[in-house]
Amino acid sequence: MAPKTADKGKDEPGKDEPGEDGGRLGEYRRKRDAGRTPEPVPSGEAALPRGDDDTFVIQEHHARSLHWDLRLERDGVLVSWAVPKGVPPDPKVNHLAVHTEDHPLEYAAFEGDIPRGEYGAGSMTIWDRGTYETEKWSDREVMIVLHGSRVSGRYVLFRTGGKNWMIHRMDPPADPDAEPLPERLRPMRPAERARLPRDQASFGFEFAWGGRRLLAYVEGGRTRFTDGRAREVGGPAGLGGPAGLGGPLGRALGARPAVLDGELAQVDGRETYLIFDLLHLDGHPLLDRPYEERRDLLDGLGLSGPRWQTTPWFPGDGGAVRETARLQGLPGVLAKRLGSPYRPGEQSDAWRLIPVRKSQ
C-alpha cells in the first residue's frame, strides 16, 4: 500500500488556490455568515490544525436537493465532495461526486439546521464516520480505503471534468445478495367479495380509499412512479415532481432504496399518497414475504409527511373496520390474508375488497 502522502501536488483536491481573504478555508468563510449559521467558521488568522489525515465523515444533507457530503481529512482541512446518490455499494454502478470547497476539521462533528437564506440551507446529520487510508492522492484520482460503520471498502474518486468527479467502489459489493430495484411492477389486485371472511383472525384489514393506484420507486432520494398498468407517470405534486426527480418522499427514505405500493386519494381535502405495502427494501425483494411481515417492515420506516402517510391496518377485526369505513364515507375495506405473498399483476382471493353499503 502506498503511503498516505503519495502523489501530493499543488493541483490536487485540497490544494486549491487561497481565497480572497487568504488561506485554505477562504472560500468556505466567504460563503457563510458566522453570526447566522451554526456551522463552525474558524477565524482566518487561526493556523490549520494538524491531524493524521485519516478521518472521514459522510453527512446526509437535506438541502434544496438531498445529497450526501463525503469529507476526507487532508492537510488540516476536510476535502469535500457532494454525492447526489450517496456512496455506491456496488462496483457495477458509479455515482457522480461534485468537488466542493474545503471544510474545517471541526465540520466532521457537525450536525444541525442551516437557516434559510444561508448557503446550504437545510438539515445536516452524520450518516457515517470513521477512519480511512490513502492509497493514491492526485489532482485527478483519489484512491482510499474507508473503515466506517455503514461504509467500508476500497473506493476511487476520479475527475471527469471541472468540479465533476465520479466515485467507484473497487471491492466486491457490500451486500453480495443485493438486487437493483425492479424497473416496473404491476400491482396485486383484490377480488371483490360481498362479505367479510369467516376466519377473520387470519386476515389484516385496511380501509379502501377509492384512489388512484401508484407504485413508488425510491432510490438515492429520488422517486419515480408507475400506475396500475405499470406505465411510468409523473409524480404527484408535493411528492416527487416529474418522474425521476427528487422530492420529499424520496428525502424521507434517504439512502434506503425501496418500492412502495399505495394509492393517491383525497384525505381531508388534500391529495395524499396513502402507502399500504412494501415490495422491496435495501436491495432485497419482499414479494415472497408474508403480508404481515411486509406491513411490520413498512410501519418501521415511519413514513409520514404532509402529502404521504402510511395507512393503518388492523389484524383480526374486520367488522369494526367496516363500520368505521361506513361512518367516514369510504367505499369499502380490504381483507388481506396475513400469510399471503405479493403477486404482481395478479387478482387473488388472498386480498378481498368488501364494499361498504350505506344501509349496513
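Quick note: structure is the one above.
Residue indices follow the written sequence of each chain, beginning from 1 at its first position. Only residues with pLDDT of at least 70 are given local features in this predicted model, and only at 80 or more are side-chain atom pairs given and counted; all residues enter the totals for whole chains, interfaces and linings. Note that water and hydrogens are dropped before the side-chain values are worked out from all heavy atoms of the structure.

Engineer: I tried to follow the pairing of strand β20 (residues 332-337) on my own but got confused; where do I start?
Structural biologist: Across the six residues that make up β20, a large majority, five, are buried. Note that strand β11 (residues 203-208) and β20 share six bridges and pair antiparallel. Its bridge partner being in β20, phenylalanine 203 is matched across the sheet by arginine 337. In this sheet, strand β21 (residues 347-355) lies alongside β20 in antiparallel orientation, the contact comprising five bridges. Considered in β21, the bridge of lysine 336 is made with tryptophan 351. For the exposure calls, accessible area comes from a 1.4 Å probe over protein chains only, and a residue counts as buried if that area is under 20% of its type's maximum, exposed if over 50%, partly exposed in between. The helix count covers DSSP runs of H or I at least four residues long, the strand count covers runs of E at least two residues long, and both are numbered beginning at the N terminus. We call two strands paired when DSSP finds no fewer than two bridges between them.

Engineer: Teacher, can you tell me more about helix α3 (residues 291-301) here?
Structural biologist: Buried within α3 we find Tyr291, Arg294, Arg295, Leu298 and Leu301. The buried residues of α3 occupy an angular sector of 110° when the element is viewed end-on, so they sit on one face. Looking one or two places after α3, you find glycine 302, whose phi comes out positive at around 60°. By arc we mean the arc of the directions from the helix axis to the C-beta atoms, nothing more.

Engineer: How should I be thinking about the sheet that holds β20 in this particular structure?
Structural biologist: Within a sheet, adjacent strands bond to each other through the backbone by hydrogen bonds, running parallel or antiparallel. Sheet architecture is open: five strands sit in the order β10-β21-β20-β11-β19, paired in mixed fashion. Here the strands that pair on one side only, and so sit at the sheet edges, are β10 (189-192) and β19 (314-315). Packed onto the sheet, α3 meets β11, β20 and β21 and runs at close to 55° relative to β11. Against the sheet, helix α4 (residues 318-327) contacts β11, β19 and β20, and its axis sits at roughly 0° relative to β11. Contacts: residue pairs with any heavy atoms within 4.5 Å of one another. For helices, the fitted line uses only the C-alpha atoms of the stretch in contact; every axis is such a line through C-alpha atoms, and the angle between N-to-C directions lies from 0 to 180 degrees.

Engineer: Before we go on, may I ask you to explain the packing of aromatic side chains in this structure?
Structural biologist: Aromatic ring pairs are described here by two measures, namely the spacing of the ring centres and the angle between the planes. Aromatic pairing here means that ring centres of Phe, Tyr or Trp (its six-membered ring) are within 6.5 Å. Orientation follows from the plane angle: under 30 degrees is stacked, over 60 is edge-to-face, and everything else is tilted. On inspection of all chains with the given rule, the structure shows 10 aromatic pairs. Ring centres of tyrosine 107 and phenylalanine 110 lie 5.1 Å apart, and the angle between their planes is 55°; on these two criteria the pair is classed as tilted. Taken as a pair, tyrosine 107 and phenylalanine 110 share a single burial class, namely buried. Taking 6.4 Å as the distance between ring centres and 40° as the angle between the ring planes, the aromatic pair formed by phenylalanine 203 and phenylalanine 205 counts as tilted. Note on accessibility: phenylalanine 203 and phenylalanine 205 belong to one class, buried. Taken together, the ring pairs connect Tyr28, Tyr107 and Phe110 into an aromatic cluster. Above the plane of the ring of tyrosine 217 lies arginine 224, whose end atom (NZ or CZ) is 4.2 Å from the centre. For a Lys NZ or an Arg CZ to count as sitting over a ring, it must be within 6 Å of the ring centre and within 35 degrees of the ring normal.

Engineer: Can you help me understand the environment of glutamate 219 in this one?
Structural biologist: Tracing the backbone shows glutamate 219 in strand β12 (residues 212-219). For glutamate 219, a relative accessible area of 47% corresponds to the partly exposed category. The spacing of glutamate 219 and glutamate 292 is 73 residues in sequence and 24 Å in space, taken between C-alpha atoms. For glutamate 219, the residues in contact, after removing those within four places along its chain, are Leu181 and Pro257.

Engineer: Just checking my understanding: could you explain α4 for this structure?
Structural biologist: Side chains of residues three or four places apart in an α-helix project in the same direction, reflecting 3.6 residues per turn. Of the positions making up α4, those classed as buried are Gly318, Val321 and Ala325. Along the axis of α4, the buried residues cluster in a sector spanning 65°; they form a single face. Of the surrounding secondary structure, the elements contacted by the buried residues of α4 are β11, β19 and β20. Within two residues after α4, glycine 329 carries a phi angle of roughly 75°, on the positive side.

Engineer: What is the right way to look at the pairing of β12 in this model?
Structural biologist: Successive residues of a regular strand alternate their side chains across the two faces of the sheet. Most of β12 is tucked away, with six of its eight residues classed as buried. Here β12 pairs with strand β15 (residues 258-267) via seven bridges, running antiparallel. Bridge assignment links alanine 216 to a residue of β15, and that residue is leucine 260. Bridge analysis of β12 against strand β13 (residues 222-226) gives five bridges, and the strand direction is antiparallel. Bridging from a neighbouring strand, alanine 216 pairs with phenylalanine 225 of β13. Hairpin connection of β12 to β13: two residues between the antiparallel strands, including glycine 220 at a positive phi of 60°.

Engineer: Can you help me understand the pattern of salt bridges in this one?
Structural biologist: Any two side chains of opposite charge can pair, given that their charged atoms come close. A carboxyl oxygen of Asp or Glu within 4 Å of a side-chain nitrogen of Lys or Arg is what we treat as a salt bridge. A complete count under the given rule lists 23 salt bridges for this structure. Between arginine 32 and glutamate 39 there is a salt bridge, with its nearest N and O atoms 3.2 Å apart. A relative accessible area of 5% places glutamate 39 in the buried class. The network of salt bridges with common partners includes Glu27, Lys31, Arg32, Glu39 and Glu101.

Engineer: How should the nonpolar core be read in this particular structure?
Structural biologist: Nonpolar side chains in soluble globular proteins tend to end up buried together. Within this scheme, the nonpolar core is defined by two criteria: the residues are buried Ala, Val, Leu, Ile, Met, Phe, Trp, Tyr or Cys, and they are joined through side-chain atoms within 4.5 Å. Counting 34 residues, the largest nonpolar core has Leu72, Trp81 and Leu157 as the members making the most contacts within it. At the level of elements, β1 (55-62), β2 (66-74), β3 (77-83), β6 (122-137), β7 (141-148), β8 (152-161) and β9 (164-169) are the ones that each hand at least two residues to this core. Setting aside chain neighbours within four positions, we find leucine 72 in contact with Thr55, Phe56, Val77, Leu78, Val79, Trp81, Tyr132, Trp137, Val142, Ile144 and Leu146. Counting residues in hydrophobic clusters, the runner-up holds 20 residues, among them Ala216, Leu239, Leu278 and Leu301.

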